[in-house]
Amino acid sequence: MTSPSTNLPQVADPKASIAEERKAPSFPIRELTYWLDGGKDVTELKERIMLELERDPLWRVSDHPNLTLAETRERAMKKIRRLADQATSRPLEETMVRMGIISVVDPGFWTRFGVHFGLFFGALQGQATPAQLAYWMERGAFTMQGVTGCFGMTELGHGSNVAGLETMATYDQNTDEFVVHSPTLTATKWWIGGAAHTATHCAVYAQLIVGGKRYGTKTFVVQLRDTKTFELMPGVNIGDLGKKMGRDQIDNGWIRFTHVRIPRSHMLMKHTKVLRSGEVIEPPLAQLAYGALIQGRVSMVSDSANVAKRALTIATRYAGVRRQFSDGTANALETKLLDYPIHQHRLLPLMAQTFAMVFAAREMTVNYQQLMAQLSDLGEAKGAAADDAIKNLKETHATSAGLKAFCTWMCLNIIDQCRQSLGGHGYSAYTGLSQAYSDFAVHCTWEGDNTILTLQCGRYLVATALEARKGQPLPANLAYLQGAVSKSGAVDTKPCVGTSATAVSALDTLKAAWSSVAANAIVSAVRDFEAGLAKGLSKDNAYEFSSASRLHAARMHTYTYLLHRFAAQVEQSPATLRPVLTLLAQLFGAHSAVQHSGEFLQSGFYTGAQVETLKTFVNDACAQVRKDAVPLTDAFGYTDYVVNSPLGRYDGDVYEKYFELVTSLNPQKPIPYFDSLIRPLLERTNESELGPELEFDQE
């Protein structure tokens, strides 16, 4: 007689399962890491920083889920002291790499630290005169020695509409001061990171009023607290916004100003200047003042790529270990999740999206740095140099707006899809992705609401198409519009002529396909805009009339931009990496096209049969990428400390480490409310007071 135990299925060793995934990668993993990081030196610097953080008790992250709000904020403040010294004593390049890693390890702290160095000090760098910047640096604005800053733009009643902010800064010529005031409840500064507990000063965005005339929103440095006693300054009221969806490390607060007086020199006057006499000198190119505001959007494109890499590392490694169901063969191992085609479709297109974001972030960062250098060199120049700077500023603003929106939306979806792919374990706070979702979601709102930014990008696309129709040259990333700007509004589509999977999925074919779709969408938005004008609408209202098509055009353009940038990086990559990167680029372009197949049919680039062939290619590409799935996550170069999830461990020992983490952070203890709640529940009786016996019931 056979014992029941002999019929049990085999249980695979998770360490052996993950080792199988690394036996025969099609590319040199280390070389891809160097390529993604930007060189061997950068990779080695990142590895040194990750090790430093891992060995520093202050940077313990495994217990984050169990911390209270107060404990979370206090620990973040301890880190600020440590990092402030490092940030001001180490080379800028090293600090930037360190902050990029910290944005993944502890995104809430990254934001709290970045509020001072990125936003407050960034406002000084971008909008102060040289003398003003020197003044604030002497007072410790760079080193956080005497000054800790916050960034006061958002109000209770206004966010994306910066021009509509209600806070006022009225010039008093008699005293040579500005009077900063919150005239209404909705003028209260809201969501101000660092305000509740930390900041001594604030870069306040307020309406400049001189001689009864408004000159638009400008930036003023307002002291919030006495730097010795930390008491609030006269006329300043501050409160704590408390618990949030995520990033509780940040002490977000509200600020109200009641006729707070500041010296005239505390208005940042790199661009607009107010003289002692009350004369206002406005710059000839006022829009140059907004160049510095692009930095936050550019950084969020990079952050989207970095956070997506971590999410995919967790989900992909777990899929290479987790086994579920079998083919029914006696004593056979259950099947790895990663071997199921549907799981490949679930994760691997997201892998391709992540690589696309990595390369777009790289190019966007370079473009931004070049723009800021150009603006810095411009000075008071006019003419062709100024015109070229304005053109580049508009293009960089629009591209960064579209990419910030698209990449943060994409990353948030990647996090959640990866979380869901973990099954029930994805719901645990200890496996790393539930908190990642809560922490990342704000990226879709701050530094510009994503829908508003996408519309801004769409407005630029419409305006550029109209200018091109008049003979103006197109920027390089919109060259595909060349055949789509005729006065007739027709798009010169050259359909795909091949029928094989190789033909319809070739990288050049996909680039042409997406260019056709984007051009179609932009021309459609132009038609809607012109239809609004034809109805007698003003220019602004005509843009609103075409808002749905502008949003769609910006989405299609951003897909196209990502694919073109991906393809450019493939061409520049080492020969040993080109095959796998080409396949990932094709998967990104083809999978995205299948998801929007109606657009390609409408543009006339693909036929229905060709779309079906493209679907077949996506199936085959997922199967091919599956062979390299775990090695691709290894190439992201994150240590187990940064991954911070037992399910994403490099060695595959997921179950032992998951169990150890949960039990160590939640040791067995007496139930605190047993005697007060559980025992009374269990021991309650059904006796009840029935009242007196009625005599007529006895008859």
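Keep in mind that this is a model prediction, so the values were computed, not measured. (Residues numbered from 1 in each chain as written. Predicted model: local features only at pLDDT ≥ 70, side-chain atom pairs only at ≥ 80, totals over all residues. Heavy atoms only, no water.)

Visitor: It is not clear to me how the pairing of strand S1 (residues 149–152) should be interpreted in this structure. Could you clarify?
Guide: Two faces make up the sheet, and in a regular strand the side chains alternate between them. Side chains of S1 alternate between two faces, with Gly-149 and Phe-151 and Cys-150 and Gly-152 buried alike. In this sheet, strand S5 (residues 201–210) lies alongside S1 in parallel orientation, the contact comprising four bridges. Bridging from a neighbouring strand, Phe-151 pairs with Ala-203 of S5. (Buried < 20%, exposed > 50% of the residue type's maximum accessible area, 1.4 Å probe, protein only. Helix = DSSP H or I, 4+ residues; strand = E, 2+ residues; numbered from the N terminus. Pairing = 2+ DSSP bridges.)

Visitor: Is there a simple way to think about empty space enclosed by the protein in this case?
Guide: Regions of empty space are outlined by a rolling probe, equal in size to a water molecule, passed over the atoms. One pass over the structure, following the stated rule, counts four cavities of 30 Å³ or more. In this structure, the largest cavity spans a volume of roughly 80 Å³. Forming the walls of the largest cavity are Ile-80, Arg-112, Val-115, His-116, Met-144, Thr-148, Gly-149, Gly-193, Gly-194, Thr-198, Ile-250 and Asp-251. The element that contributes the greatest number of residues to the lining of the largest cavity is helix H6 (residues 107–127), accounting for three residues. Counted by class, the lining of the largest cavity contains four nonpolar, six polar and two charged residues. (1 Å grid on protein atoms, 1.4 Å probe; cavity = no way out; pocket = protein on both sides within 12 Å on 5 of 7 lines; lining within 4 Å. Points joined across faces, edges and corners; volume = space filled by probe spheres on them. Nonpolar A, V, L, I, M, F, W, Y, C, P; charged D, E, K, R; others polar.)

Visitor: Which parts of the structure should I look at to understand helix H14 (residues 507–534)?
Guide: Over its 28 residues, H14 runs 40 Å from end to end, which matches the ideal 40 Å to within 8%, given 1.5 Å per residue. Taken from the residues just after H14, Gly-536 is the one with a positive phi, measuring 95 degrees. (Expected span 1.5 Å × (residues − 1).)

Visitor: Please explain the sheet that holds strand S4 (residues 189–192) as it appears in this structure.
Guide: Two strands in a sheet stick together by hydrogen bonds in their backbones, pointing the same way (parallel) or opposite ways (antiparallel). Pairing is antiparallel in the open sheet, where three strands are placed in the order S4-S8-S7. At either end of the open sheet lies a strand with only one pairing partner, and these are S4 and strand S7 (236–240). Pairwise comparison of adjacent strand axes, ignoring direction, gives a mean angle of 20 degrees for this sheet. (Axes fitted to C-alpha atoms, helices over the stretch in contact; angles between N-to-C directions.)

Visitor: Would you take a moment to explain the nonpolar core for this structure?
Guide: The nonpolar side chains of a soluble globular protein tend to be buried with one another. In this structure, Leu-32, Phe-355, Leu-581, Leu-584 and Tyr-606 are the most contacted members of the largest nonpolar core, which totals 148 residues. Other than its neighbours up to four places away in sequence, Leu-584 contacts Met-351, Ala-352, Phe-355, Phe-566, Val-625 and Leu-632. One finds Val-180, Ala-206, Val-210 and Ile-238 within the second-largest nonpolar core, a separate group that totals 28 residues. (Core = buried A, V, L, I, M, F, W, Y, C linked by side-chain atoms within 4.5 Å. Contact = heavy atoms within 4.5 Å.)

Visitor: Help me out: how do you make sense of the packing of aromatic side chains in this one?
Guide: The description of an aromatic ring pair rests on the distance of the ring centres and on the angle between the ring planes. Within the structure shown, the criterion is met by 19 aromatic pairs. On the numbers, 5.2 Å between centres and 45 degrees between planes, the contact of Phe-121 with Phe-142 is tilted. Placement of Phe-121 in helix H6 and of Phe-142 in the loop between helix H7 (130–138) and S1 is noted, with a sequence separation of 21 residues between them. By relative accessible area, which is 4% here, Phe-121 ends up buried. By relative accessible area, Phe-142 is classed as partly exposed at 28%. Measuring from ring centre to ring centre gives 4.9 Å for Trp-514 and Phe-600, while their planes differ by 90 degrees; the resulting arrangement is edge-to-face. (Phe/Tyr/Trp six-rings, centres within 6.5 Å; stacked < 30°, edge-to-face > 60°.)

Visitor: Just to check I follow, could you spell out the side chain of His-181 for this structure?
Guide: As for its placement among the helices and strands, His-181 is situated in strand S3 (residues 177–181). A polar atom in the side chain of His-181 sits 3.2 Å from the backbone nitrogen of His-259. (Polar contact = N/O pair within 3.5 Å; in protein donor to acceptor, adjacent residues only side chain to side chain.)

Visitor: What is the right way to look at the layout of surface pockets in this model?
Guide: The calculated volume of the second largest pocket comes to roughly 610 Å³. Lining the second largest pocket are 32 residues, and of these His-64, Pro-65, Gln-435, Ala-436 and Asp-439 sit closest to its centre. Among the elements of the structure, helix H5 (92–105), helix H8 (294–319) and helix H11 (434–440) are those that each provide at least two residues to the lining of the second largest pocket. Taken together, the residues that form the lining of the second largest pocket break down as 15 nonpolar, nine polar and eight charged.

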